[in-house]
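Commentary on secondary and tertiary structure
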Amino acid sequence: MSRVLVTGATGTVGRHVVTLLGEAGAEAVALSRSTGDLTDPGSLPLDGVEAVFLVWPFATAEGARAVVEAVAGRARRAGRSVEAGWLGKIVYLSSAAQRDGEREVERLIEGSGLEWTFLRPHAFAANALRWARQVRAGAVRGAYGQAAGPVVHERDIAAVAVRALLDEGHHGAAYELTGPEVLTQAEQVRIISEVTGIPARWEEIPLDRARADLLARGWPPEAVNGVLQAQGSQAQASVTSTVEEVTKRRASTFRQWVVEHAGEFRTPSKAAPTMRAARIHRFGDASMIRQDEVPTPRPGPGEVLVEVAATSFNPSEVGLRSGLLPEVFQATLPHTLGWDVSGTVVETGAGVTTLAPGDRVFGMVSGAAAEYAVAPAEVLVMAPESIPLADAAAIPVAGLTAWQAIFEHARITPEQRVLINGAGGGVGRFAVPLAKLAGAHVTATAGPRSADAVRRTGADEVVDYTEAPLPGGMDVLLNLIPIPEDAAKALAGLGRVIVTIATPIEGGTHFVMRYDPGQLAAMAALIDEGRLAVEAAESHPLSELPEIHRRAESGDTHGKITLYP
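Residues numbered from 1 in each chain as written. Predicted model: local features only at pLDDT ≥ 70, side-chain atom pairs only at ≥ 80, totals over all residues. Heavy atoms only, no water.

Right, let's get into unusual backbone geometry. That bond from leucine 333 to proline 334 is cis: its omega, -5°, falls within 30 degrees of zero. Along the polypeptide, proline 334 turns up in the loop between helix 11 (316–322) and strand 14 (335–336). Although it is not a glycine, tyrosine 144 adopts a positive phi angle of roughly 65°. Although it is not a glycine, arginine 411 sits at a positive phi angle of roughly 50°. (Helix = DSSP H or I, 4+ residues; strand = E, 2+ residues; numbered from the N terminus.)

In structure tokens, the structure reads:
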């Protein structure tokens, strides 16, 4: 039985090497902390070993010479004969990129006197797992979406390695390994979405934004630069037939790889011990919002931990942050911002039977502007299946406010004429389609920047309030924006029934939204039936929340803005 030392035995390729060696009848000696250390060549378990699979996990070749010499020395002591139980063979996992450190390790091995084979794979299919959280949220954001490469299944790399380790005829070979197709990053995301059933898309962002996003996620600067450089320099590399020639089996497609790993995209892994959260430590202007590293909360009885796909900005949070109306916006400092939330359940507390890890949910919870949030299971409902999960964060506050205005307070009926003032805002973009579902003829007010978006929501007429007076003779007037007192008086005569969520209007009903999970579930059903659309006007990383607050105070925000961690 052949005995093979496998370094990196628990890694992406090494674990497959161990498995395939066993299937081939060979004995794999898996290098681990208890059996040896690459930084201490004398500790390597080389006794009786006939071949070595070498993964060099360091950025430079420093220390590699001593390891190669230790392997070669073992070969010389054994006489490099089959009878002595030593073939002096080493298979090194290099890469197609041929980085400086990899070239140096190859040079050391070539000069060692050992039999050698180099594996130079292109990008691993497994690299797509770095997108898992973004896939669950519905949008993978990055630069170079059209950068293409022939990504290769790590098991195919391992299969070539095993043949080189066990068979003759591979000495001196440098195998360039690819999958059977060239795919762009955007195409990879499309395939992941198709296989997993998760609505997800590639979203191209500028290079500086992509770099900032990765840094905000905790990536070391050198790793960020390496990833972006590798993505940007990918050429339309040719597909090689090496995997099939060596293993006598066709190389696996990226789609096959995704099928095998679909569960890792659908269900989050265990939450990290700490997370980033947008918090205020005292009331004041937008500069009070800080990105803090805090302990990740744990769910108590009846609660769940949610991996946040997105939260959304609500203008009322400006009042909370500023310390206005403390009797309404009660907050103990330091306070994590965010009320709307959509995300994936990671963990459940005792007694939770309605939700399970992997469930896609949305709702309202204090402290949603963070990577994770804890919520009572009873306040969350299943998110719409037909839209990206992050988009569902646009619904709770704005959607429920519109629902209650239309169906509870205005009680709109078919054929009524309804004027919706402020239809370009977050609430308005739900109020218009809900009023249409109620059978009304809808006239909506909107400025030039939001008029097209309001038309997409189904308004029968759109009035540019900056150019034309508002029409009267309406059955219902819905006012969704703060207005001066004299404007409120002017609106008072425009409709028989008046409902306002902002400035009180004489003779009208003023109300504050109440949270109702049942109504949220009804809206989710309408969305999945294609009868109600959700459109986030903008989407930004959570680190830009202070700037969103500043823009809101200057009147420079329109529609719902979602923010992702």
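To continue, consider empty space enclosed by the protein. According to the stated counting rule, one finds three cavities of 30 Å³ or more in the structure shown. There is about 80 Å³ of room inside the largest cavity. Around the largest cavity sit 14 residues that line it, and Arg133, Gln134, Ala137, Val308 and Ala309 are the ones nearest its centre. When residues of the lining of the largest cavity are traced back to their parent elements, those giving at least two are helix 4 (132–137), strand 6 (139–142) and strand 13 (303–313). (1 Å grid on protein atoms, 1.4 Å probe; cavity = no way out; pocket = protein on both sides within 12 Å on 5 of 7 lines; lining within 4 Å. Points joined across faces, edges and corners; volume = space filled by probe spheres on them.)

Another point: the pattern of salt bridges. Scanning the entire structure with this criterion turns up 30 salt bridges. The partner of glutamate 194 in a salt bridge is arginine 190, with the nearest N and O atoms 3.1 Å apart. Taken together, the residues glutamate 194 and arginine 190, both in helix 6 (residues 185–196) and four residues apart, mark about one turn of the helix. Classification of arginine 190 as partly exposed rests on a relative accessible area of 40%. Salt-bridge contacts for arginine 456 lead to glutamate 535; the nearest nitrogen and oxygen are separated by 2.6 Å. (Salt bridge = Lys/Arg side-chain N within 4 Å of Asp/Glu carboxyl O. Buried < 20%, exposed > 50% of the residue type's maximum accessible area, 1.4 Å probe, protein only.)

Below, the discussion takes up the packing of helix 12 (residues 396–409) against helix 13 (residues 428–437). With their axes 8 Å apart at the nearest point, helix 12 and helix 13 run at an angle of 40° to one another. Considered as vectors, helix 12 and helix 13 are oriented oblique to each other. Here the hand of the crossing between helix 12 and helix 13 comes out right-handed. Taking contact as the criterion, the partners of Ala398, Gly399, Ala402, Trp403, Ile406 and Phe407 in helix 12 are, on helix 13, Phe430, Ala431, Leu434 and Ala435. Of the residues contributing to the contact of helix 12 with helix 13, the split by class is nine nonpolar, one polar and no charged. (Axes fitted to C-alpha atoms, helices over the stretch in contact; angles between N-to-C directions. Parallel < 35°, antiparallel > 145°, perpendicular 65-115°, else oblique. Left-handed = near helix turned anticlockwise from the far one by under 90°. Contact = heavy atoms within 4.5 Å. Nonpolar A, V, L, I, M, F, W, Y, C, P; charged D, E, K, R; others polar.)

Moving on, we come to the nonpolar core. Residues Phe362, Ile395, Ile412, Ile420, Leu434, Leu478 and Leu545 are the most contacted members of the largest nonpolar core, which totals 67 residues. At seven residues, the largest contribution of residues to this core is made by helix 12. The residues contacting leucine 434, other than those within four sequence positions of it, are Gly399, Ala402, Trp403, Ile406, Phe407, Met523, Leu526 and Leu532. Of all hydrophobic cores here, the second largest spans 29 residues; its members include Leu93, Val160, Val162 and Val243. (Core = buried A, V, L, I, M, F, W, Y, C linked by side-chain atoms within 4.5 Å.)

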